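Fold and geometry: a report
Single-letter residue listing:
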Amino acid sequence: MILCIETTTQNCSVALVDKGAVVFEERRCTDQYVHAEQLHPLIAFCLEQAHITANELTAVAVSSGPGSYTGLRIGVSAAKGLSFALHIPLIAIDTLHMLGIYGLQHTPAQTAIAMIDARRMEVYASVVDSNSATPAEALVVDKSFFDAYDPSSLVLVGDGASKCSGLVSASTIVLDVMPDASMMAAMAQEHWDKQRFVDVAYYEPHYLKDYIVGVSTKSIL
Amino acid sequence: MNQNASEAILLAIESSCDETSAAVLRGDVVLSNVIATQAVHQQYGGVVPELASRAHQSNIVPVVHEALTKAGVSIRDLTAIGVTQGPGLMGSLHVGVSFAKSLSLALQVPLIGVNHMQAHIMAHFIRQSEAFEIPKLPLLCLTVSGGHTQLVLVDEHLQMKIIGSTIDDAAGEAFDKAAKVLGLPYPGGPQVDALAESGDPTRFVFAKPKRNGLNYSFSGLKTSLLYFLRDEIKKDAGFIEKERIHVCASYRKAIVDYLLIVMRDAIHQYPVQSLALAGGVSANKELRRRFLALGEEMAIPSFIPDFEYCTDNAAMIGIAAWYQWQKKEWADLSMTPQPALKW
């Protein structure tokens, strides 16, 4: 049984996955970030509902971002703690790739652009088709960005999708969904089957943006 | 203390600022205390919260692993998990608290949220050796760090009352800011102390802060130094270069005089059995000497913990957690970090 944790947006969600299928899922999604308070009770609740203890988990999967720094801190620290304490592997799932696959599976589109809201007119985006996903990038979206894609076989997916709806043709599908632990099921299982794990000691989430610090040069005297 | 309590094995985690630390205790004895100091902030002249949090994320597992290994303890042997709940930087606290909650959930052992400032004082109750006698209560503690300056009266373990505190800057800040204007690298407090050792403390006199009951105020002293240096530099551009050690010594004396004169007042007001010094600034050599001299003069036993228990460390979180654990002051999985945690 794999425990999946998704905390990259204000949707805080967990899912228990067995053989690639969700057996139990729980989420809290409000305007505020409730992850610090709710994530662990949700995990405990899921285990209880599934009538298992943490000892019976075989792996922990965490959605690795990009996304909210606070969400990532809480989700990744929680996943590391479980992996470390239970001596079970840690799996990192690329959040945008996961969203893209979700978009392709739930629409007839051939290409998905996964988008997580990064405030203002920025999104974290990745272009996903059935074979590949481009590396995530932080984009200031404008109309020209979409010119490269066939509008009638395109889906925009994620919580950053709706703010681009005015920039694309009416034939493009806009799937305004939050990343969710239940979307991680198939990929988590695939990682498990292929034994694609990350090192619990040194793994870091995908912050995407390097944090640039301004150094003050002003003299006090 | 019952047999059970002395055998309890606690893992404690501290991540409130820029130190990632984990400790293992058996009862009130520290088996390991691992501290990873984040070097990343030095180039910015202060702690950058986002970078601190990211560094905690990459340090937490190696630090906890090392603490368990050094203690020779298996993670399955743990009785409870203690973690700093606050006060501190939100992003930093998140990492420790979320990680600790997962350990508690996975191992099915109690979780204990610890107040970092109380823990600095509780560090005095770590049994440092077989012969070590822990301080008698009531205890009066002067806690001095980069963020706090407090006089705390401890009536019972964990029962503490703040009887005085700074109304503006902390003493540690007053040292760090002086270091900055004197052109010393961050963190400058310890550098001021080191240079002051060879300087003349009577060379310069700074304005004495106004007395305000048992409270402190350091902003006036800081400004006094700033204006003093401005005036002197106008007369001689090389003033700081020439007089640095004496400025450090005189300024340090002013701070220590002030810290202890208020503490002396507190001793006259409260019947205390022991005196204690806590927090990062308790590493200050002049403060240590003068604090111990004050205890001797007043004939009250005085305590300063080993240096590794003075600065931010998880052993102090562990000892506080151990006392809380005995009283069953346990948290549940919905506990959240509190950047401005009070008591």
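Within this structure, the stated rule accounts for 1 cavity of 30 Å³ or more. Reported here for the largest cavity is a volume of approximately 40 Å³. Residue lining of the largest cavity: His35, Ala36, His40 and Ile74 of chain A together with His94, Val97, Ser98, Lys101 and Pro337 of chain B, and that is the complete set. At 4 residues, the largest contribution of residues to the lining of the largest cavity is made by helix H3 (residues 90-107) of chain B. For the lining of the largest cavity, a count of residues per class yields 4 nonpolar, 4 polar and 1 charged.

With that out of the way, let us pick up the interface of chain A and chain B. In this assembly, 37 residues from chain A lie in contact with 41 residues from chain B. Around 3,300 Å² of area is buried between chain A and chain B when both sides are counted, 68% of it from carbon and sulfur atoms. For the interface between chain A and chain B, the tally reads 1 salt bridge. We note a salt bridge from Arg73 of chain A to Glu50 of chain B, for which the minimum N-O separation is 2.7 Å.

To continue, consider the domain arrangement of chain B. All names here are of chain B. Assigned domains of chain B: these are domain 1 (5-128 + 309-326) and domain 2 (139-305). Taking the mean C-alpha position of each, domain 1 and domain 2 sit 27 Å from one another. On the side of domain 2, 22 residues touch domain 1, which itself brings 22 residues to the contact. Between domain 1 and domain 2, roughly 1,800 Å² of surface is buried when both sides are summed, and carbon and sulfur atoms account for 75% of that area. Counting the surface domain 1 buries against domain 2, the share from its top three residues, Ile121, His124 and Cys310, is 35%. The tally of links from domain 1 across to domain 2 stands at 0 salt bridges. Along the contact surface separating domain 1 from domain 2 lie 3 residue pairs in polar contact (both at pLDDT 80 or more). Looking at the side of domain 1 that touches domain 2, the elements with two or more residues in it are helix H4 (116-122) and helix H10 (314-326).

What follows deals with helix H8 (residues 239-269) of chain B. Residue and element names in this part refer to chain B. When the terminal C-alpha atoms of H8 are compared, their 43 Å separation across 31 residues agrees well with the 45 Å that a helix rising 1.5 Å per residue should span. At Ile245, H8 shows its strongest bend, of approximately 50°. Most of H8 sits out of view: 22 of its 31 residues are buried.

All names here are of chain A. Taken in spatial order, the 5 strands make up an open sheet running E8-E7-E6-E9-E10, and their pairing is mixed. Sheet topology places strand E8 (137-140) and strand E10 (173-175) at the edges, where each strand pairs with a single neighbour. Ignoring which end each strand starts from, the neighbouring axes of this sheet average 30° apart. Relative to E10, strand E9 (residues 154-157) runs parallel, the two sharing 3 bridges. Note on E10: the bridge partner recorded for Val157 is Leu175. Strand contacts of helix H3 (residues 95-106): strand E6 (111-117), strand E7 (122-128), E9 and E10, with the helix running at about 130° to E6, the strand carrying the most contacts.

Now for the sheet that holds strand E3 (residues 29-37) of chain B. Residues and elements named next belong to chain B. Ordered in space as E3-E2-E1-E4-E5, the 5 strands form an open sheet in which the pairing is mixed. The open sheet has two edge strands, E3 and strand E5 (111-115), and neither has a second partner. For this sheet, the mean angle separating the axes of adjacent strands, direction not counted, is 20°. Alignment of strand E2 (residues 19-26) against E3, held across 8 bridges, turns out to be antiparallel. Residue pairing in the sheet places Ser21 in a bridge with Ile35 of E3. Running at roughly 25° to E2, helix H2 (residues 49-71) makes contact with strand E1 (9-14), E2 and E3 of the sheet. Contacts from H3 reach E1, strand E4 (80-86) and E5, with the element oriented near 155° to E4.

Rules used in this analysis
- Residues numbered from 1 in each chain as written.
- Chains lettered and ligands numbered in written order.
- Predicted model: local features only at pLDDT ≥ 70, side-chain atom pairs only at ≥ 80, totals over all residues.
- Heavy atoms only, no water.
- 1 Å grid on protein atoms, 1.4 Å probe; cavity = no way out; pocket = protein on both sides within 12 Å on 5 of 7 lines; lining within 4 Å.
- Points joined across faces, edges and corners; volume = space filled by probe spheres on them.
- Helix = DSSP H or I, 4+ residues; strand = E, 2+ residues; numbered from the N terminus.
- Nonpolar A, V, L, I, M, F, W, Y, C, P; charged D, E, K, R; others polar.
- Contact = heavy atoms within 4.5 Å.
- Buried area = accessible area lost by both parts, 1.4 Å probe.
- Salt bridge = Lys/Arg side-chain N within 4 Å of Asp/Glu carboxyl O.
- Domains from an automatic or database assignment.
- Polar contact = N/O pair within 3.5 Å; in protein donor to acceptor, adjacent residues only side chain to side chain.
- Expected span 1.5 Å × (residues − 1).
- Bend = angle between axes of the 7 residues up to and from the residue.
- Buried < 20%, exposed > 50% of the residue type's maximum accessible area, 1.4 Å probe, protein only.
- Pairing = 2+ DSSP bridges.
- Axes fitted to C-alpha atoms, helices over the stretch in contact; angles between N-to-C directions.

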